Amino acid sequence: MLCLFILLGFFGYYAWQQLSIEAYPDIADVTSQVVTQVPGLAAEEVEQQITIPIERALNGLPGMHVMRSKSTFGLSMITIVFKDGVDDYWARMRIQERLNEVELPYGAIPGLDPLTSPIGEIFRYIIESNSHDLRELTDLQNFTIIPRIKQVSGVADVTNFGGITTQFQIELDPRKLDQYNLALGDVIETIEKNNVNAGGSVLPRGDLGYVIRGIGLIKNLEDLGKIVVKTEKGVPIYLNDIGKLKYGNIERKGILGYTDRQRSYSESIEGIVLLLKGQNPSVVLEGIHHAVDELNNEILPEGVKIHVFLDRTVLVHTTLDTVSHTLLEGMTLVVIVLIVFLGSWKGALLVAITIPLSLMIAFILMHFTNIPANLLSLGAIDFGIIVDGAIVMMETILKKREDNPTLVLQEKSIANRAIEVAKPIFFATIIIITAYLPLFAFERVEKKLFTPMAFTVGYALFGALAVALLLIPGMAYVMYKNPQKMYHNKWLEKLTHIYHAGIVKVMKAPQKVFLPLGIILAAAVALTVLVGKDFLPPLDEGSIWLQVQLPPGISLQKSRELSDTLRARTIKYPEVTYMMVQAGRNDDGTDPWTPSHFEVSVGLKPYKEWEKGKTKYDLIEELAKEYESLPGFTVGFSQPMIDGVMDKISGAHSELVVKIYGDDFKETRRIAENVLAKLKTVKGAVDLAIDQEPPLPQLQIHADRNKIAQYGLNVADVAELIEVAVGGKAVSQIFIGNKVYDIICRYNEESRNTPEKIANLMLTSGSGAKIPLSQVADVRLSTGESTITREMNKRHLTVKLNLRNRDLASMLQEAQDKIESEIKYDHEKYHIKWGGQFENQNRAYARLSVIVPLALAIMFILLYGAFGRFRQAGLLMSIVPLALFGGMLALNIRGMTLNVSSAVGFIALFGVAIQNGVIMISHINHLRKQGKDLIDAVIYGAEHRFRPVLMTATVAVLGLLPASLATGIGSDVQRPLATVIVYGLMFSTVITLYALPALYYIIERKWGQDFKKEEEEL
């Protein structure tokens, strides 16, 4: 048997090496995003002509939970969230099938985003150089760095932010077009015809075959300028005769600013590496590190370096350090307690080997069932609970040796002792595993967070059970079979005598326990009502993510200046290591932001390097006050990973949202502004803002169809003038080596930089006549929507907010009451709905309210199977509400809330509390079977089980005590769970030791007189 467990240990270590290691579980839903770009199209047209047709095609997708969309300038983004259990690849196939059926105007082609997760941004870097300008660095990014990193298996995509994307630009002079009687369409057609290669099959020459190539592709600006657009009287008119050719860049929509302790860039270029969903982040990051080292040392030109500022490896290592320290401290405390209680270092170490062996067995099972190892799944393992079964088994055999110190122990007698406690150990462990069953009934976020933990703890308990029943008896027999001097723990013997006197006193008037138990039960109910209610504690990522809203409509240059100000005002705090500011959207246009919006990453020093006593929340308060002094800044605080998750859950980058549904933009904004004003008066509501920017100024060109027809034109002619001449359009491409650049055609800036000049641009009719744009269209200044958001085919505005220094339930109740009673609106046309953490909390608690009673019913059945008597099963179940008291008291005293994490702690607490009761009641029943009177069996049974019950409770408490007190990164989810178990078990142990024997005596005295007869029948 020992050899078997040694082999399992080696296999377990191998399995550990293969496990996917994460900081936090991927709690995001299965989502896909359809992105469609139509450059130059306003938000209203994008919604009407792009978003709505795609939404209609996607309606009714199998497994769809919710569909949201954003329509903004030149961009449509539709996010589809699927129900649990839907496979990512299957979902994407269903979406693609529907998209293939959609026909969109302007040649728009909808595409799917990379298959990643909202927490998939695992690596960020900037490129720096003293010898290369931003344009050259952008070329290196697009054609050298990104292709190399994308070679790493498991990388879904690498996206670029900032920089200058080069274009070959043709700035046409409309006066020259008029001079040579050229139309805009003629120029575009000529460029396309003069930029081609051709293949001419193969030319046989003797034994050889020559591939025929016609090479006519444009290579540079000189080639482009030499294109002949027209010939007049034998004189060619070249492209450079009618316009200016130059190296330009895509119209910049965003700027990347970066500052740390060594460098500060007003403009830089960033790369964001996305993890392919389902891949092992540790393995992928290892490949990324290798690629970056290769780029820095071998590939990039001298003077160019990749500087990494965000690496998920750091968070993984930090959280694993937190878990390792708490687990190691818990393991050390457990071993010390075992030595103290057992009085034998050999016995203590024998019990302690349960810990590594149970973990190895758990790793094997996790490997085969694809359960990743993360902070929560590993951190929730209480080594005290793990060794409980081994403690009871060891204590039983050790007691045999202590009672007979001079005799050689017989194998049969040890086997009998082991069999006596094997049944209660088995049922007690199964009951604890059963306690974790409700976790498998969770949905969405809470399911992904806690299900791996339930599997891991269940596997570890299974391994511990195997060790306790199969390994410990044989090893203990070998260790203690020969006569030997035993150490007698004097203080424990004294404590046992005190307990004996106490239990005798209790048994003289057992009915007196009802009063304190009633008080405890009433107090537990009161504390449950008083404690604050939340969904989850914050998952500390060791960094800060900001969503910053600036005055709408500001220019990119002004946005850059404000970015400089924000970084300068933040980096002065000693706890901050760097600040990265993404202003606007990336060049490829797949972000929905304008220059009025910043996304900001703030790096923090390790907490141990901070001023003593200062917390992350203190820093957030300081930063919030700092930002309040910046005019025009509205700042929301979050964290990088959870920010992306909340965007997918609620459709906004905040913990909570209030959505106002309605079609009229003005009325929905009025209601949203009133909601915002009311929420500002609610304590705990912070980072308040309307998610969608207000209407922005527009230059609207309204085509007059009658006049267009009168001049023999088409609306398409007007559209082409606006799209190409004013907006600029890619009409062809230039290939240089492995690089590809767009050729952009537009009118020069002098001819289009005012509304009046745009109105005077000329159209060419079929007869060659020149007609000013103002003759066939109304050109006027107006305002239009910046972003239009929809959910399940309905328009809405979103008020976003975060929660700070208050529990969710009470804040939500106050806010809902104020909004409902004080805001007037047409309830038939407009609807207000809350979303975010509130939805998750309601869903999780609704599940728990059904599943926890079901799990308790299963425990009751198991207890009945163990004891064969309903009354004893019911007696043990009575511990559950009484165990609630200690946990609720601890939550209230420590200022913590009842959330899903602490609820999971209560579930585990109930199982452990019942386990101790099983150990005691089973021994009392055993003594009664041997013929002892009821009163004697209760007193001596309780006394005999005092040491194992006290020992199991103490090791369970001390095993999680470090986790209940931990404050490092990754401790936030562990702390509520551990607090409930630690303090709840302290009180439930007292109840088990004193109240349970008294209640047992009262019940058995009245209904258990036929105990021996029942035993005979059984």
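Since the model is a prediction, treat every value here as computed from it, not as a measurement.

Draft legend 1. Looking closely at the nonpolar core. Of all hydrophobic cores here, the largest spans 154 residues; its most connected members are Leu439, Phe450 and Leu863. With 18 residues, the single largest contributor to this core is helix 16 (residues 444-480). By size, the runner-up hydrophobic cluster in this structure holds 41 residues, among which are Leu221, Leu224, Ile708 and Leu763.

Draft legend 2. View of the domain arrangement of the protein. Domain annotation of the protein identifies domain 1 (29-114), domain 2 (183-200 + 213-241 + 697-784), domain 3 (489-530 + 869-1017) and domain 4 (543-696 + 787-836). For domain 1 versus domain 4, the distance between C-alpha centres works out to 25 Å. For the pair domain 1 and domain 4, the number of links is 4 salt bridges. Here Glu47 and Arg790 are joined by a salt bridge, their closest N and O atoms 3.1 Å apart. Listed by contribution, the elements that provide at least two residues to the side of domain 1 that touches domain 4 are strand 1 (31-37), helix 2 (43-58), strand 2 (64-72) and strand 3 (75-82). Of all the elements, strand 2 adds the most residues to the side of domain 1 that touches domain 4, at 8 residues. Residues of the side of domain 1 that touches domain 4, tallied by class, amount to 10 nonpolar, 9 polar and 6 charged.

Draft legend 3. Local environment of the packing of aromatic side chains. Applying the stated criterion across every chain yields a total of 18 aromatic pairs. Here the aromatic rings of Phe11 and Tyr14 are separated by 6.2 Å at their centres, their planes lie at 15 degrees, and the arrangement is stacked. Placement of both Phe11 and Tyr14 in helix 1 (residues 2-18) is noted, with a separation of 3 residues, approximately one turn of the helix. Both rings, one in Phe168 and one in Tyr247, keep their centres 5.0 Å apart while their planes meet at 75 degrees; by these two values the pair is edge-to-face. With a gap of 79 residues between them, Phe168 in strand 7 (residues 166-172) and Tyr247 in strand 12 (residues 243-249) connect regions that are remote in the sequence. Residue class for Phe168 comes out buried when judged on its relative accessible area of 1%. For Tyr247, a relative accessible area of 49% puts it in the partly exposed group.

Draft legend 4. How the structure looks around helix 22 (residues 665-679). Here helix 22 spans 21 Å end to end across 15 residues, near enough to the 21 Å set by a 1.5 Å rise per residue. Within the sequence span of helix 22, burial applies to Thr668, Arg669, Ile671, Ala672, Val675, Leu676 and Leu679. Along the axis of helix 22, the buried residues cluster in a sector spanning 160 degrees; they form a single face. Tucked inside the fold, the buried residues of helix 22 contact strand 20 (656-661), strand 21 (685-690), strand 29 (794-803), helix 27 (808-822) and strand 30 (831-836). The residue sitting at the N-terminus of helix 22 and contributing the capping side-chain oxygen is Asp664; that oxygen lies 3.2 Å from the backbone nitrogen of Lys666.

Draft legend 5. Main features of the packing of helix 2 against helix 3 (residues 88-99). At a minimum axis separation of 9 Å, helix 2 and helix 3 run at an interaxial angle of 125 degrees. By the angle class used here, helix 2 and helix 3 are oblique. You can see that helix 2 and helix 3 cross each other, and the crossing is right-handed. Residue-level inspection shows Ile54, Ala57 and Leu58 of helix 2 in contact with helix 3, the latter providing Ile95, Arg98 and Leu99. Its residues assigned to classes, the contact of helix 2 with helix 3 shows 5 nonpolar, no polar and 1 charged.

Draft legend 6. Molecular detail of the side chain of Lys614. Note on placement: Lys614 falls in the loop between strand 18 (597-604) and helix 20 (616-628). Among the polar contacts made by the side chain of Lys614, one reaches the side chain of Glu575 at a distance of 2.9 Å.

Draft legend 7. Expanded view of the sheet that holds strand 23 (residues 729-736). Taking strand neighbours across the sheet as the criterion, the 4 strands line up as 12-7-24-23 in an open arrangement whose pairing is mixed. At either end of the open sheet lies a strand with only one pairing partner, and these are strand 12 and strand 23. Neighbour-to-neighbour, the strand axes of this sheet turn through a mean angle of 25 degrees, independent of strand direction. Sheet strands in contact with helix 4 (residues 134-149) are strand 7, strand 12 and strand 24 (739-747), and its direction is about 125 degrees off that of strand 24. Packed onto the sheet, helix 6 (residues 184-193) meets strand 7, strand 23 and strand 24 and runs at close to 20 degrees relative to strand 23.

Draft legend 8. A look at helix 24 (residues 715-727). Compared with an ideal rise of 1.5 Å per residue, which puts 13 residues at 18 Å, helix 24 spans 17 Å between its outermost C-alpha atoms and is within 8% of the ideal. Three or more residues of helix 24 are buried, namely Val718, Leu721, Val724 and Ala725. The buried residues of helix 24 occupy an angular sector of 160 degrees when the element is viewed end-on, so they sit on one face. Of the residues flanking the end of helix 24, it is Gly728, one or two places downstream, whose phi is positive at about 90 degrees.

What counts as what
- Residues numbered from 1 in each chain as written.
- Predicted model: local features only at pLDDT ≥ 70, side-chain atom pairs only at ≥ 80, totals over all residues.
- Heavy atoms only, no water.
- Core = buried A, V, L, I, M, F, W, Y, C linked by side-chain atoms within 4.5 Å.
- Buried < 20%, exposed > 50% of the residue type's maximum accessible area, 1.4 Å probe, protein only.
- Helix = DSSP H or I, 4+ residues; strand = E, 2+ residues; numbered from the N terminus.
- Domains from an automatic or database assignment.
- Salt bridge = Lys/Arg side-chain N within 4 Å of Asp/Glu carboxyl O.
- Nonpolar A, V, L, I, M, F, W, Y, C, P; charged D, E, K, R; others polar.
- Phe/Tyr/Trp six-rings, centres within 6.5 Å; stacked < 30°, edge-to-face > 60°.
- Expected span 1.5 Å × (residues − 1).
- Arc of directions from axis to C-beta.
- Contact = heavy atoms within 4.5 Å.
- Polar contact = N/O pair within 3.5 Å; in protein donor to acceptor, adjacent residues only side chain to side chain.
- Axes fitted to C-alpha atoms, helices over the stretch in contact; angles between N-to-C directions.
- Parallel < 35°, antiparallel > 145°, perpendicular 65-115°, else oblique.
- Left-handed = near helix turned anticlockwise from the far one by under 90°.
- Pairing = 2+ DSSP bridges.

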